[in-house]
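# A closer look at the structure
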Amino acid sequence: MSGPVVQGWCPGALRPMLSGDGLVVRVRLHGGRLPAAMALRIAALSQDFGNGLIDLSARGNVQLRGVTEAGHPALIAGLADLGLIDADSQTEAMRNIQVTPFWNAGDGAQDIAAELVARLRDFPVLPGKFGYAVDTGATPVLRGAAADIRVEQGAGGLIVRAEGMRTGAAVTVGTAVDAALDLARWFVDAGGVTGGRGRMAALVARGALPPARFMAAPMSVAPDILQRPRLVAQGALVGFEFGQMRAETLAALAGFGDMRVTPWRMLLVEGARAMPALAGLVTHADDPLLRVVACTGAPACLQALAPVRDLARALAPKLPEGALLHLSGCAKGCAHPSAAPLTLTATAAGFDLVRNGTAADVAARSLTADELLAQPELLTETSNAP
Ligand code: SF4
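Note that the structure is predicted; figures quoted are calculated from it, not measured. (Residues numbered from 1 in each chain as written. Predicted model: local features only at pLDDT ≥ 70, side-chain atom pairs only at ≥ 80, totals over all residues. Heavy atoms only, no water.)

Segmenting the protein into domains produces domain 1 (17–90 + 234–270), domain 2 (102–218) and domain 3 (288–380). For domain 1 versus domain 2, the separation of C-alpha centres amounts to 26 Å. Contacts between the two partners involve 12 residues from domain 1, matched on the other side by 13 residues from domain 2. Approximately 1100 Å² of surface area, both sides summed, lies buried where domain 1 meets domain 2, with 55% of it carried by carbon and sulfur atoms. Sorting the residues of domain 1 by area buried against domain 2 places Arg 59, Gln 234 and Arg 260 first, and these three jointly supply 42% of that buried surface. Linking domain 1 to domain 2 there are 0 salt bridges. Counting every contact that joins domain 1 to domain 2 gives 5 residue pairs in polar contact (both at pLDDT 80 or more). Here the residues of the side of domain 1 that touches domain 2 sort into 4 nonpolar, 4 polar and 4 charged. (Domains from an automatic or database assignment. Contact = heavy atoms within 4.5 Å. Buried area = accessible area lost by both parts, 1.4 Å probe. Salt bridge = Lys/Arg side-chain N within 4 Å of Asp/Glu carboxyl O. Polar contact = N/O pair within 3.5 Å; in protein donor to acceptor, adjacent residues only side chain to side chain. Nonpolar A, V, L, I, M, F, W, Y, C, P; charged D, E, K, R; others polar.)

Next comes the structure, spelled out in structure tokens:
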């Protein structure tokens, strides 16, 4: 059986990806900001030109699903009116910038993100998945999000760091983008790109060392904090089942304020002092749905070997609190590319169970959906039999 197709690029608005339910049009917001007026318009565009389903991606983007080929040009025109369309697909692919949703006015996070965008044409051409994390809060919150160059608080102040390194270069808000640009050039010069692909962590893992100044300032050892729906200083952090919402939900949420996207498939409603009382939201930190991550699966994804979301919904309340189960429609593992404590990968015969690994890793055992539903404890027991 052939494995999943690895595209080597991320879909965008100008370069949408065909899925089982039509085109997936991924919209890269600026600085992770989704003002209420923009959210209303995106919701309307989703209803007019898509199937009314909107995903939040693991890179903090918004995806409109079910777009038709015929409707795509008008959708792009609508998104262009919102300032969300780049000059071309290469520029769009380069604008892969995640920003901590916990930024505060005047702390420099939005300034750095805006300068990165403004200077993208100064950067060398980088692989389609290459990206930046502007994670400048007191504690890191984007370490679990895919990125190649990170701007974050080091042990002694702001640093720019190559993914995979434990040190970076000391910078200020005003010099961070210069340093990021230098690091991107080093990545290319050091042979980080092969056949149009390549990631910083892989280059570092091969033993390549960045210039000395990127090894001078230690990174912070502060742990990444597991994010749950809750009230935070900047507003209300709300989740959605499998990170997906209906356009009507997004439109209703816009009534509560401007929003910020997160790489945990949640939205932060700016300034909210209470959790929004709306159907379709996950607002409790102990909601069982937070114990499962599931991709689109069959039939909406053409590569899926089985549906996964109904099974995820059914298994969620049977998992112990604090558990994390990733259900993947194939070995590609789109919904959770990094290792998870428990992963079920659909196969032609059922589901492969992987412990502490990714959807592509070697399975501890194989189970059917019926077995999983009848005996969910098979997931968490340590026996490898039969
Ligand atoms: S992991 Fe899921 S969404 Fe990604 S290609 Fe496989 S089936 Fe499709």
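One finds Leu 116, Phe 123, Ile 149, Val 160 and Met 200 to be the most contacted residues of the largest nonpolar core, which totals 36 residues. For this core, the elements supplying multiple residues, two or more each, are β6 (97–99), α4 (109–118), β7 (132–135), β8 (149–154), β9 (157–162), α5 (176–189) and α6 (200–205). A total of 9 residues in this core trace back to one element, the largest contributor, which is α5. The residues touching Phe 123, leaving out its near neighbours within four places in the chain, are Met 94, Leu 116, Tyr 132, Val 177, Ala 180, Leu 181 and Ala 184. By size, the runner-up hydrophobic cluster in this structure holds 35 residues, among which are Ala 43, Ile 54, Leu 75 and Leu 253. (Core = buried A, V, L, I, M, F, W, Y, C linked by side-chain atoms within 4.5 Å. Buried < 20%, exposed > 50% of the residue type's maximum accessible area, 1.4 Å probe, protein only. Helix = DSSP H or I, 4+ residues; strand = E, 2+ residues; numbered from the N terminus.)

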